[in-house]
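# Overview (structure and organization)
Next come the chains, spelled out residue by residue.
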Amino acid sequence: MVQAYEGVDDLVRLRRQLHQHPELRFTEQQTAAVLAGRLAPIARVRSGVAGTGLVAEIEGRAPGPSVLLRADMDAYPVQDAKEVPWASGNPGVCHACGHDVHMTVVAGVAARLAADPPERGTVTVLFQPAEEIPFGEDSGAAAVLADDALRGRRFDAVLGLHCWPDLPVGAVGVDRETAMAAKDAFRVEVLGRAAHAATPALGRDAILGLAGIVNLLHAGVARSRNPHELVAFNIGTIAGGASQSQVAERAEATGTLRTHDEGTRARLKEVVERIARQQAAALDLGLRFTWANEMPPVRNAAPLVALAHAELPAVVDVVDLTEPPLTTDDFALLGALGPSLYVKLGVTGDRGGAPLHSGAFDVDERCIGAGVAALDRLTRAVLAGRLAGPEAADGPARPEAADAPGAREFPGARRATDADPGGPTVAAGPAAAASGAVGA
């Protein structure tokens, strides 16, 4: 079902404008200015939230429940490879993770709510900077929580969506409980002793030591996980050495460990650090090991999952996602503000699609109307009081939600890491087009 939406042409123009002028994390000034210009006539807007973010408030006709709608703003550091008029004009920067679509959809929902205010309640629209988190740097969601614009507030529902190339345009996927995995980033610094390459016995080779650590880490994680545990381990960068004629004094690698279960997470973190330290010691090398960007999983609240299955089939095709992915998102932190739901927006049309974090990533722009219809419907349902009581919000979603009319079972995106571009995918019905790995 591809949702028709009056005003979608204007939103497509907005999406293309944002796509053509992408900005990296915490530099989204132009992006914020464009969004503020659209929101100021219809809502109370506060700029400068967490540096470059925006918060807008839309009031219903009477007091009532509260909803937070979130869209991330930042682009990804990759060259745009598409040959379209709206391709990125900023070399080396591209909206390769769909944040331009997220912003456009939420702006469209805000416009709908302002044009036809709900009977009661308040909608807070958050445009969040800096979802893409380099090693050791701050999360935009964490910065938002520290900002006094939202500090101490509580919402009846926190809603968001993410572009999902494994789903066809017109579909919205709903994970039963875990929408995104936990991610723990790490850095291994191996410290050796420099020497001339002609006299290696006088040195301690940091590169050789790191090479062994990398191999042992992959093997150790693989042999320390149980078959039923969803885990992704990746070494993403390696650097070290000063010259081809020198025994390297220092080498480092960074990577990520992605898990769903907290017990698995704690056990494998201990395995990773222990293997690195023991291998370095065996080779008489020093080691500095650092964990950073430790992000919890995104958990969908059971009442909101049930609400999605009850409400969304009226406006989109609803897909019951039975296997949670191993991608991550700092939307997880916003669960501190209230029960949350993070749904997957199908973006792939008949011509197929490229994976997230690829310079070739693009969307079938009919997804914008579907996204607006879905978030608008969910928001109004919460404001109308059709959400179960908040005391039920912390429990897992029950699988029987899949029996709601219009729901289809789909095992979700295949298990993938950001650096894994290949492999098969599972189609959601005949309209689905296969895409590569997704990675947030």
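These notes cover the structure that comes with them. (Residues numbered from 1 in each chain as written. Predicted model: local features only at pLDDT ≥ 70, side-chain atom pairs only at ≥ 80, totals over all residues. Heavy atoms only, no water.)

## Some details on the sheet that holds strand S13 (residues 286-295)
Note the threshold: DSSP calls a pair of strands paired once it identifies at least 2 bridges connecting them. Here a strand is any run of E in DSSP of at least two residues, a helix any run of H or I of at least four, and the numbering for each starts at the N terminus. Between the N-to-C directions of two axes lies an angle of 0 to 180 degrees, each axis being a line fitted to C-alpha atoms and, for a helix, fitted only over the stretch in contact. Contact between two residues is taken to exist if any of their heavy atoms lie within 4.5 Å; hydrogens are not considered.
The four strands lie next to each other as S10-S12-S8-S13, forming an open sheet whose pairing is antiparallel. This sheet does not close on itself; its edge strands, each paired only once, are strand S10 (231-240) and S13. The sheet shows a mean angle of 15° between the axes of neighbouring strands, taken without regard to direction. Note that S10 and strand S12 (residues 250-259) share nine bridges and pair antiparallel. If you follow Val231 over to S12, its bridge partner there is Thr259. Packed on one face of the sheet, helix H5 (residues 206-224) meets strand S8 (182-191), S10, S12 and S13 and runs near 175° to S10. Contacts from helix H6 (residues 262-282) reach S8, S10, S12 and S13, with the element oriented near 160° to S13.

## Observations regarding the pairing of strand S4 (residues 122-128)
Let me state the cut-off plainly: Only protein chains enter the calculation, and the probe is 1.4 Å; a residue is then buried if its accessible area is under 20% of its type maximum, exposed if over 50%, and partly exposed in between. When the strands point away from the viewer and the connection leading from the first strand across the helix to the second strand turns clockwise, the crossover is called right-handed.
Counting buried residues in S4 gives seven out of seven residues, a clear majority hidden from the surface. Alternating positions in S4 separate into two faces, Thr122, Thr124, Leu126 and Gln128 on one and Val123, Val125 and Phe127 on the other, with burial throughout. With six bridges connecting them, strand S2 (residues 53-59) and S4 associate as antiparallel partners. Bridging across to S4, Leu54 finds its partner in Phe127. Where strand S3 (residues 66-72) meets S4, seven bridges bridge the pair, whose relative direction is parallel. Paired with Asp72 across the bridge in S4 is Gln128. You can see the chain leave S3, run along helix H3 (residues 99-115) and come back into S4, and the turn it takes is right-handed.

## Considerations on the side chain of Gln128
In plain terms, the rule: Two N or O atoms form a polar contact when they lie within 3.5 Å of each other; inside protein one atom must be a possible hydrogen donor and the other a possible acceptor, and for residues adjacent in sequence the pair counts only when both atoms belong to side chains.
With respect to the element layout, Gln128 can be found in strand S4. A polar contact of 3.1 Å, which involves the side chain of Gln128, links it to the side chain of Asp330. When near neighbours in sequence (up to four residues on either side) are disregarded, Gln128 contacts Arg70, Ala71, Asp72, Met73, Gly140, Ala141, Val144, Asp330 and Leu334.

## A closer look at the pattern of salt bridges
The condition that has to hold: In what follows, salt bridge is the name for a side-chain nitrogen of Lys or Arg lying within 4 Å of a carboxyl oxygen of Asp or Glu.
Within the structure shown, the criterion is met by 35 salt bridges. Asp330 is the salt-bridge partner of Arg70, the closest N and O atoms lying 2.8 Å from each other. Here the residue Arg70 occupies a position in strand S3, and Asp330 occupies one in the loop between strand S15 (317-321) and strand S16 (340-348), the gap between them amounting to 260 residues. For Asp330, a relative accessible area of 1% translates into the label buried. Between Asp376 and Arg380 there is a salt bridge, with the nearest N and O atoms lying 3.0 Å from each other. A residue pair is termed a helical-turn pair when its members lie 3 or 4 positions apart in one helix, as Asp376 and Arg380 do in helix H8 (residues 367-383) at four residues. Given a relative accessible area of 7%, Asp376 falls into the buried group. Residues participating in the shared-partner salt-bridge network are Arg15, Arg16, Asp100, Asp362 and Glu365.

## A closer look at the packing of aromatic side chains
Here is the rule we go by: Pairing of aromatic rings covers Phe, Tyr and the six-membered ring of Trp, with a centre-to-centre limit of 6.5 Å; geometry is then stacked below 30 degrees between planes, edge-to-face above 60, and tilted otherwise. By the criterion adopted, a ring carries a charge over it if an Arg CZ or a Lys NZ lies within 6 Å of its centre and within 35 degrees of its normal.
Evaluated as defined, the whole model comprises five aromatic pairs. Relative to Trp291, the ring of Phe186 has its centre 5.7 Å away and its plane inclined at 70°; by these criteria the two rings are edge-to-face. Of this pair, Phe186 sits in strand S8 while Trp291 sits in strand S13, and the two are 105 residues apart along the sequence. For Phe186, a relative accessible area of 0% puts it in the buried group. Assessed through its relative accessible area of 19%, Trp291 is described here as buried. Their ring planes at 15° and their centres at 4.3 Å tell us that Phe331 and Tyr342 sit as a pair that is stacked. Of this pair, Phe331 sits in the loop between S15 and S16 while Tyr342 sits in strand S16, and the two are eleven residues apart along the sequence. Within the aromatic cluster, the residues linked to one another by ring pairs are Phe186, Phe233, Phe289 and Trp291. Over the ring of Trp86 we find Arg16; its NZ or CZ atom is 3.7 Å from the centre of that ring. Of note, Lys269 hangs over the ring of Trp291, and the distance from its end group to the ring centre comes to 4.8 Å.

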